[in-house]
Every structure is written in C-alpha cells, then in structure tokens.
Amino acid sequence: MNLADKFIHEHKLNREEYIGLLQQFERENAGTNTKSTLANYLAGEAVRLRRKIYGTDVYVRGLIEFTNICKNDCYYCGIRKSNPHIERYRLTKEEILFCCENGYDLGYRTFVLQGGEDGYYTDERLADIVRTIHSAYPDCAITLSVGERSYESYRLLREAGADRYLLRHETANPEHYQMLHPAVLSHENRMQCLQNLRSLGYQVGAGFMVGSPYQTTAHLAEDLVFLQEFRPEMVGIGPFIPHHDTQFADHPAGSVKLTLFLLSVIRIMLPHVLLPATTALGTMDPLGREKGMLAGANVVMPNLSPVKNRKQYELYDNKICTGEEAAECRGCLAHRMNSVGYQLVSDRGDCKS
C-alpha cells in the first residue's frame, strides 16, 4: 500500500511518512504548469468526506477586527508593536455591538472577535463585551481570537459566554517558533494556552502559516503530527504573505498549491474539522476561496468590521475586501460559493464530532 492509500485508509501517518507525502507532492509540482496527481487524489477524498459530514453547506463567521493595538513584536506581523507606520485603533463596545447587529441581520450566527493583544481589553472589559453579545444573541456562537492569556482569563471569558477560541500554534517546532518571534514569547506557553483552552471546554482552533520564513518540509510534518494528536475542532491555515514593515518583507510568499494540498490532508486527517478557506488564500489567488472549498474546506470568514478600520488591520500586504461593506462581502462570497456547488448557510456551524 502506498503512502496516499495508507493515509486515506487510516487517516493518520507518522512524521517520516508525512515528510514522504510532502516530498512526493513537491516532486509532482516541480514544474510551473504541472498538476499533482497526488493532490487531485487527496482532494477527491477530502471533498467526499466533507460532503458526507457537512453536505454542501458552508459556514460563515462574521469577523470583527476590534483592535490593531498589540503588545507583541512577532516578526511577520504588520500590527507588531514596533511598526511606527500603522494608524492604530480600537473599537468601542458600542461599535462592536453594532457590527454584531449588522451581522445578525445578514444571517451570521457566529461572531469572531479578533484583535491584537491590547492591554486596554482587560479580562473584565472583554468579558463584559462577550456577556452582552451572548445575552443579545443567545442563538449565536462567540469565537475569540485575542492571543495568549492566562488560564483564569480564559475561564472568565468562557463563563461570560465565549464558545470557541482561535489560537494558531504557528509551528510545532520550538526552534522554528523562536525564528518567528522575539525571545519574550515562548513555544511552550503557546502550547500550554491551547491545552488550557481545551480543558475549559472551548471548541479550539489551531493552525499555521504555509511557507513561513525558515519553514521546512520537516516542520510541516511536525505540524501535521501535532494536529493529528491534539485534534482541534478548527484548523486555520493560509499562505504566508509578507508585510512591507516587517523584517520578512522580502521573504517569498507561501504557495497556494501547497496550502490547498494541506487543506485536503487536514480534512482527511480530521474529517469533522471546521476548516476555513482563509482571506490570505483569497489574497494570493483570486479564486483561492473557491479552490479551498474544492480541496475540503467548509468555512469562510467575511468581514463585519467598520470599513473605515479595515485597511488598518493589515497583518500582511494587499489584503482583500478592505473597502467593501458587510453586505457586499456576504453577497460576493455567496456567489463565489454557489459557483463551485456550495452554499452559505445561516447556522452556528458547530463541529460535528
């Protein structure tokens, strides 16, 4: 039995086998116009699994980027604290609630509050916002993506009504982690945060950038083994895109083809996972989100943030949809999903595991 057949049959491989699978993909994609037989084979199985479990439904998450102020200095990030050229902002509680009201009217039943690690949003302030949203929209899920916090902080936010938490592990390799972050941030703490979230009953999301600086095939294999063992309810991956005001400005962007291949691998590994076709994928390829669906994804995250702030939340260069109103974003995505045989649904979209 070859590696691909073994993977499809068992839904898992070891580190060395994942390296072999990735190397086979690399060999098949060595030319610029080549089509990978392996990628097509795994995409077919990935789509079969997602259709078996989720049908042709695509879950929408209303993204509210509520602050671009961050205490951290991650080397790849456009909102890192040492970037002097960014115009900083934070939304008021009232502005966040208006985004939710707008999103609810458009059919969103999950709100994602995403922001930098902004000290203004203390546990009490953030819990108050979560509690208010939960009270106003009890039929909706609340997802947080606000970085590393203490166990007690995660507990308070969970008790306030947060259902899910997105915290990309970035890389499963500690040495690679330190190549991407200053010494004050530790791989050990990032992994502990994920364990804390799991123990508190959150639906947990992990993930990584494809093609991040210094990433190797072995690193990607370690990421896959980590996801296989941790089994998060959500996995967010997208191609690395450099930002002009970071030290990785001249680093090449990640591969769309490899990202799509890894979406298929993750779907087969974790058949019930909630798997977004990310904005980064759509930024790198005009049809990236459609291709993501055809590789096994089942989630999109259109933007509910105020248009006046969207360009300011610039994690990477050339981010799409920064000038569109929320209704335009949803309408555009609905058309895009329909074009490849899928449809957006008004549903909380919980993991069916």
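That block above? That's the structure.
The paragraphs below set out a description of the structure included in this document. These numbers come from a predicted model, not from an experiment.

1. Quick word on the layout of surface pockets
When its volume is computed, the second largest pocket comes out at roughly 150 Å³. Forming the boundary of the second largest pocket are Phe25, Glu26, Gln215, Thr216, Thr217, Leu220, Ser255 and Leu258. Secondary-structure elements contributing two or more residues to the lining of the second largest pocket are helix 2 (15-28) and helix 9 (217-230). Looking at the lining of the second largest pocket, its residues break down into 3 nonpolar, 4 polar and 1 charged.

2. A closer look at the pairing of strand 1 (residues 57-60)
Taken residue by residue, a regular strand's side chains alternate between the two faces of the sheet. Two strands pair when backbone bridges link them, and strand 1 and strand 9 (residues 343-345) are joined in this way by 3 bridges, in the parallel orientation. Bridge pairing in strand 9 places Val58 opposite Leu344. Both strand 1 and strand 8 (residues 299-300) contribute to a ladder of 2 bridges, which runs parallel. Within strand 8, the residue paired with Val60 across the bridge is Val300.

3. So, the pattern of salt bridges
Working definition: two side chains of opposite charge can pair if their charged atoms are close together. Evaluated as defined, the whole model comprises 21 salt bridges. Between Lys93 and Asp128 there is a salt bridge whose closest N-O contact spans 2.8 Å. Of this pair, Lys93 sits in helix 4 (residues 93-105) while Asp128 sits in helix 5 (residues 123-136), and the two are 35 residues apart along the sequence. Judged by its relative accessible area of 25%, Lys93 falls in the partly exposed class. Among the ionic pairs, Arg109 bridges to Asp139, the shortest N-O distance being 3.6 Å. On the criterion of sequence distance, the pair formed by Arg109 in the loop between helix 4 and strand 3 (110-115) and Asp139 in the loop between helix 5 and strand 4 (141-145) is long-range, its members being 30 residues apart. We classify Arg109 as buried; its relative accessible area is 16%. The exposure class assigned to Asp139 is partly exposed, which follows from its relative accessible area of 36%. Look at the salt bridges and you will find they share partners, linking Asp163, Arg164, Arg348 and Asp350 into a network.

What counts, and at which threshold
- Per-chain numbering applies: the sequence of each chain, read as written, is numbered from 1 onward.
- pLDDT decides what is reported in this predicted model: residues at 70 or higher carry local features, side-chain atom pairs at 80 or more are listed and counted, and totals for whole chains, interfaces and linings draw on all residues regardless.
- Remark: hydrogens and water are excluded; side-chain values derive from all non-hydrogen atoms of the structure.
- The rule is simple: put a 1 Å grid over the protein atoms alone, call a set of points where a 1.4 Å probe fits but cannot get out a cavity, call an open set with protein on both sides within 12 Å along at least five of seven lines a pocket, and count a residue as lining if it has an atom within 4 Å of a point.
- Grid points are joined across faces, edges and corners, and a volume is the space filled by probe spheres set on the points.
- Only DSSP runs of H or I covering at least 4 residues are called helices, and only runs of E covering at least 2 are called strands; the numbering of each starts at the N terminus.
- In the scheme used here, Gly and all other residues not listed as nonpolar or charged are polar, with Ala, Val, Leu, Ile, Met, Phe, Trp, Tyr, Cys and Pro taken as nonpolar and Asp, Glu, Lys and Arg as charged.
- The rule for pairing is simple: two strands pair if DSSP sees at least two bridges between them.
- Here a salt bridge means any side-chain nitrogen of Lys or Arg lying within 4 Å of a carboxyl oxygen belonging to Asp or Glu.
- For every residue, the accessible area obtained with a 1.4 Å probe (protein chains only) is divided by the maximum for its type, and the residue is called buried under 20%, exposed over 50%, and partly exposed between those limits.

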